[in-house]
Amino acid sequence: MSDADQDEGPVRVRLTSDGELAKAYALTLTAMDMRALLASEEGAYAVYVAPEDELRATWELDQYDSENATGAAAGKQSRARPAIVVAFSTTALAYAAVLLFFFGAARRGVFDVDWAGEGAMMAHRVTSDLELWRTVTALTLHLDLGHIASNLAFGIIFVWLLAKETGPGIAWASTVLAGAAGNWLNALWQAPTHTSIGASTAVFAAVGLLAALRHRWRPPEFSLRYWAPLGGGIMLMAFLGFGDGNTDIGAHICGFFAGLAGGYWMSRKDKAWFGDEQRQVDGLKLAGFMIAGAWALALMF
């Protein structure tokens, strides 16, 4: 953490004339593992949090106001709500549609295309022939119904949790990017003949992103609370990422650490994108463009 970050004091996330509402805000944040401070100022009650919790606290309180329909009457501090331009449920349906389309296309040979042959992550084709688009196309292909069902379920769950930290557009874009990076790392690590498909690399990338964004990057402490986000992410990866002989454990590990690295980088940047409507839209466009563009390249070359 930089000296500037250390010197920065608590930031105000709400100002309300209702003392009971201010207490409810503080309790809500405490329940979400954030330290909230109440102060009396300007003839009203202010709620403060640590700078690193500002965006998440604002998001949680906006949700609280929305659910309780008290935002307008409370005279809350004016601040743009983190953009949910497209409801997460809609993006989740789009995710499911993409995976199901390529699953069906590969099984039926739609358009007389060998979808698995053209899109699988083949290590030598990625590292030697520089067919980098395979790191993305492989995320959309699956072996069987059990394979796709697990990646649909866990993908939606973990990206939904990630979206609560970043907004849906950034969540999907960062998951696809980190998933592709994980496939690239796996190609470097594995033997040249290694082949891999499945969205699980991106699913574990989302776990890594979530763990890194929820971790408070500062000098280590010997406390469970400090290590909980990283420890929880590693435990999830260990519990879900190691399976039978058909499981590409290397892809899961590489996806997780690619997400962890990406999440750390994101946590050190200005998080104004969280509440930026245009960046959320751009994130959704980027995720879609990466998948469509990668497949266009796969079919062209």
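Conventions and cut-offs
- Residues numbered from 1 in each chain as written.
- Predicted model: local features only at pLDDT ≥ 70, side-chain atom pairs only at ≥ 80, totals over all residues.
- Heavy atoms only, no water.
- Helix = DSSP H or I, 4+ residues; strand = E, 2+ residues; numbered from the N terminus.
- Buried < 20%, exposed > 50% of the residue type's maximum accessible area, 1.4 Å probe, protein only.
- Contact = heavy atoms within 4.5 Å.
- Areas by Shrake-Rupley, 256 points an atom, 1.4 Å probe, with all protein chains shown as cover.
- pLDDT = per-residue confidence, 0-100.
- Axes fitted to C-alpha atoms, helices over the stretch in contact; angles between N-to-C directions.
- Parallel < 35°, antiparallel > 145°, perpendicular 65-115°, else oblique.
- Left-handed = near helix turned anticlockwise from the far one by under 90°.
- Nonpolar A, V, L, I, M, F, W, Y, C, P; charged D, E, K, R; others polar.
- Salt bridge = Lys/Arg side-chain N within 4 Å of Asp/Glu carboxyl O.
- Expected span 1.5 Å × (residues − 1).
- Pairing = 2+ DSSP bridges.

1. So, the overall build of the protein chain
Each helix and strand counted, the protein chain has 14 helices and 5 strands in total. For the protein chain, buried positions account for 47% of its 301 residues. Sequence separation of 24 or more characterises 75% of the internal contacts of the protein chain that already satisfy a separation of 6 or more. For the protein chain, the exposed area adds up to about 15000 Å²; of that, 62% sits on carbon and sulfur atoms.

2. A look at the confidence of the model for the protein chain
Per-residue pLDDT for the protein chain has a mean of 84; in total, 81% of the residues score no lower than 70. At the low end of the mean pLDDT range in the protein chain sits helix H4 (residues 71–74), at 44; at the high end sits helix H8 (residues 134–137), at 98. Note that residues 1–7 has pLDDT below 50 and, in this model, 6 contacts with residues that lie over four places away or in other chains. Residue range residues 70–85 is modelled with pLDDT below 50. Its contacts to residues more than four positions away, or to other chains, number 43 contacts.

3. Structural notes on the side chain of Asp 53
With respect to the helices and strands, Asp 53 occurs in the loop between strand E3 (44–49) and helix H3 (54–68). Asp 53 has contacts with Met 34, Arg 35 and Arg 216, leaving out every residue within four places of it along the chain.

4. Quick word on the packing of helix H2 (residues 19–31) against H3
Where H2 meets H3, the axes come as close as 10 Å, and the angle between the chain directions of the two elements is 125°. With respect to H3, the axis of H2 lies oblique. As for the relative orientation of H2 and H3, their crossing is right-handed in sense. Note on element contacts: H3 touches H2 through Ala 57, Glu 60, Leu 61, Tyr 64 and Asp 65, opposite Leu 21, Ala 24, Tyr 25, Thr 28 and Leu 29. Classifying every residue of the contact of H2 with H3 by side-chain character gives 7 nonpolar, 1 polar and 2 charged.

5. Focus: the pattern of salt bridges
Any two side chains of opposite charge can pair, on the condition that their charged atoms come close. Counted according to the given criterion, the structure contains 9 salt bridges. A salt bridge links Arg 12 to Glu 41, with the shortest nitrogen-to-oxygen separation between them at 2.7 Å. Separated by 29 residues along the polypeptide, Arg 12 in strand E1 (residues 11–16) and Glu 41 in strand E2 (residues 36–41) bring together distant segments of the chain. The partly exposed category is assigned to Arg 12, whose relative accessible area is 23%. Here Glu 165 ties to Arg 214 by a salt bridge, and the two come within 2.8 Å at their closest N and O atoms. Here the residue Glu 165 occupies a position in helix H9 (residues 145–166), and Arg 214 occupies one in helix H11 (residues 200–214), the gap between them amounting to 49 residues. Exposure remark for Arg 214: the relative accessible area of 35% places this residue in the partly exposed category. One network of salt bridges, in which partners are shared, links Arg 125, Asp 129, Glu 131 and Arg 134.

6. Section: the environment of Leu 145
The topology assignment puts Leu 145 in helix H9. Here Leu 145 falls in the exposed class, since its relative accessible area comes to 60%. Sequence spacing of Leu 145 and Leu 100 is 45 residues, and the spatial spacing of their C-alpha atoms is 9.7 Å.

7. Examining helix H10 (residues 168–189)
End to end, H10 covers 31 Å across 22 residues, agreeing with the expected 32 Å (1.5 Å per residue, within 8%). Where burial is concerned, most of H10 is hidden: 16 out of the 22 residues are buried.

8. Looking at the sheet that holds E3
Sheet architecture is open: 3 strands sit in the order E1-E3-E2, paired in antiparallel fashion. A single partner strand is all that each edge strand has here, and the edge strands are E1 and E2. Geometrically, the sheet is characterised by an average inter-axis angle of 30° between neighbouring strands, direction not taken into account. The sheet contact formed by E2 and E3 spans 6 bridges and is antiparallel. In the strand pairing of E3, Leu 37 is matched with Tyr 48. Across the sheet, H2 touches E1, E2 and E3, and the angle it forms with E3 is around 10°. Across the face of the sheet, H3 comes into contact with E1 and E3 while running at roughly 20° to E1.

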